[in-house]
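# Inside the fold
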Amino acid sequence: MKKYLNISKKVRVGLAVLVGIIGLFLIFRLKPRMNDSLDEVEVTDSVEVKEIVCKYGIPVDHYDISYGIVQPNQNLSYILGDHGLSSADIHELNEKAKGVFDVRKIRSGQAYAVFTVPDSTRRVRFFVYEETPKTYVVFDLRGERRVYRGENPVEWKQKEIKGKVESSLWMAMQKLDTSPQLALVLSNIYGWSIDFFSLQKEDEFRVIYEQECVEGKELDNFHILAASFRYSDSIYYAIPFVQDGEKLYYGATGNSLEGAFLKAPLDFYRITSRFSNSRFHPVLRRYRAHHGVDYAAPTGTPVYAIGNGKVIAKGFQANGGGNFLKIRHNSVYVTTYMHLSRFAKGIKVGSEVKQKEVIGYVGSTGLSTGPHLDFRVFENGKPINPLLIKSQPKKPISPDNMSQFVVLRDSLINRLSAIN
């Protein structure tokens, strides 16, 4: 009997050990499955995070927004008062705005937005004034209240166009559904080599450019990446290249398109009278010499210095050139600009001016029948035809940079040729 009990005890111990081993096996065997199950639960039960949409950096879901346009004779007090703000509130905002934004410069025609609490109080929390398509001013009416500036994100879209001139480059751009301001940019680039107001019908242009956009709206800001213009049976290329830290546009041979003098002192104009030794004067009603070129343009059109120089005369001739300026460019050339409506701010005798700097504005002062610029050029003291003045280009591509320029030039010319 005692022997039997000893055997039973051994069996019980063995069974316990066996059960323990099986238990451990099952634990380690099932552990990865449990982890897998947990992982699956985590993926299945994940919560989607809602994207926060902002306008002017303000979450739009938190407020009701009303948009408007500043009307004539409206100001900040009128607009905010119309939305329930007291005179004390508006005065405090005016004080907060000092040093950030002059509230007197709110202009009619500009857009604004009012953010209000979406409840029965309709309390205004933000007023945003769009100063430009890119910049805005935020009047924050929460807490201590503050005024700050912001900028909308911008992007540059690359485009390609090809067209032909029928009447003017301006009209050609409109026909291509492209901003006519692009014509102005091109005239600035080619201003030393092409007279854009003597273009012929069928003159062809091709342009690769970038245009600045804000929230899908295209702005009149451009970067010309490459251009070609077929003018007077020649093709003029404009290839941008940085040399000695300065970005200029170069022709196919590596000569700069920029010269010592502009082709004309205005961007857009119409020549109404040319250089002549015997011209019938429309006011005096007699023939006399006209040693200049008359450019008809609207009053207020900016007038540029055609080259670097110093103002040597500024005055008014009641029976002659009206408001006029004279600029000495070097020991050889002097230019005169007459019939100006007014002078540019800060221009005086002794002023140093740069090429393309605004020096005045088209007018009809003095002996004149309508708004125009009488432009004259003197070479060694003698009047010469401004349309025939020779202008040496700026520094060409250096020999050290030529190989790099050629690679870029060939690539861009191929792209221009491929534009449909």
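Below or above, wherever it landed, is the structure these notes cover. Just so it is clear, the structure is predicted and the values come from calculations on it, not from any experiment. (Residues numbered from 1 in each chain as written. Predicted model: local features only at pLDDT ≥ 70, side-chain atom pairs only at ≥ 80, totals over all residues. Heavy atoms only, no water.)

### Details of the overall build of the chain
When helices and strands are counted, the chain shows six helices and 24 strands. Across the 420 residues in the chain, those meeting the buried criterion constitute 40%. Expressed as a percentage of contacts within the chain between residues at least 6 apart in sequence, the contacts between residues at least 24 apart total 62%. In the structure as shown, the chain presents an accessible area of about 24,600 Å², 52% of it carried by carbon and sulfur atoms. (Helix = DSSP H or I, 4+ residues; strand = E, 2+ residues; numbered from the N terminus. Buried < 20%, exposed > 50% of the residue type's maximum accessible area, 1.4 Å probe, protein only. Contact = heavy atoms within 4.5 Å. Areas by Shrake-Rupley, 256 points an atom, 1.4 Å probe, with all protein chains shown as cover.)

### A short note on the sheet that holds strand β6 (residues 135-140)
Spatially, the five strands line up as an open sheet ordered β3-β4-β5-β6-β7, and their pairing is antiparallel. With one partner strand each, in any of the chains shown, β3 (64-69) and β7 (146-151) form the two edges of the open sheet. Direction aside, neighbouring strands of the sheet carry axes that sit 20° apart on average. (Pairing = 2+ DSSP bridges. Axes fitted to C-alpha atoms, helices over the stretch in contact; angles between N-to-C directions.)

### Considering the packing of aromatic side chains
Geometrically, a pair of aromatic rings is defined through the distance of the ring centres and the angle of the planes. Inspection of the entire model under this criterion finds 18 aromatic pairs. For the pair Tyr-112 and Phe-127, a centre-to-centre distance of 5.6 Å together with 40° between the ring planes defines the contact as tilted. A residue pair is termed long-range when its members are at least 10 positions apart, and Tyr-112 in strand β4 (residues 111-116) and Phe-127 in strand β5 (residues 124-130) qualify at 15 residues. Exposure class is identical for Tyr-112 and Phe-127. Each is buried. (Phe/Tyr/Trp six-rings, centres within 6.5 Å; stacked < 30°, edge-to-face > 60°.)

### Some words on the pattern of salt bridges
The full count for this structure, using the stated rule, is 20 salt bridges. Among the ionic pairs, Glu-215 bridges to Lys-55, the shortest N-O distance being 2.9 Å. Residue Glu-215 is found in the loop between β9 (204-214) and β10 (217-231), and its partner Lys-55 is found in strand β1 (residues 54-55); the two are separated by 160 residues along the sequence. Residue Arg-415 pairs with Glu-160 through a salt bridge whose shortest N-O separation is 3.3 Å. Placement of the pair is Arg-415 in helix α6 (residues 399-417) and Glu-160 in strand β8 (residues 154-164), with a sequence separation of 255 residues. (Salt bridge = Lys/Arg side-chain N within 4 Å of Asp/Glu carboxyl O.)

### A short note on the nonpolar core
Residues Leu-325, Tyr-337, Ile-359 and Leu-373 are the most contacted members of the largest nonpolar core, which totals 30 residues. For this core, the secondary-structure elements that each account for two or more residues are β16 (293-296), β17 (302-304), β19 (322-328), β20 (333-343), β22 (358-362) and β23 (372-379). Here this core gets four residues from one element, more than from any other, and that element is β20. Core analysis: the second largest hydrophobic core is formed by 24 residues, Met-173, Leu-182, Ala-183 and Phe-222 among them. (Core = buried A, V, L, I, M, F, W, Y, C linked by side-chain atoms within 4.5 Å.)

### A word on the side chain of Thr-335
Within the secondary structure, Thr-335 is located in strand β20. Here His-329 takes part through its side chain, which lies 2.7 Å from a polar atom of the side chain of Thr-335. Non-local contacts of Thr-335, meaning those with residues more than four positions away in its chain, are made with Ile-306, Leu-325, Lys-326, Ile-327, His-329, Phe-375, Arg-376 and Val-377. (Polar contact = N/O pair within 3.5 Å; in protein donor to acceptor, adjacent residues only side chain to side chain.)

### Side note on the side chain of Thr-301
Assignment of secondary structure puts Thr-301 in the loop between β16 and β17. There is a polar contact of 2.7 Å between the side chain of Thr-301 and the backbone oxygen of Pro-298.

### Thoughts on the environment of Lys-382
Along the chain, Lys-382 falls in strand β24 (residues 382-384). On the accessibility criterion, Lys-382 (60% relative accessible area) is exposed. As for Lys-382 and Val-332, which are separated by 50 residues in sequence, their C-alpha atoms are 9.8 Å apart.

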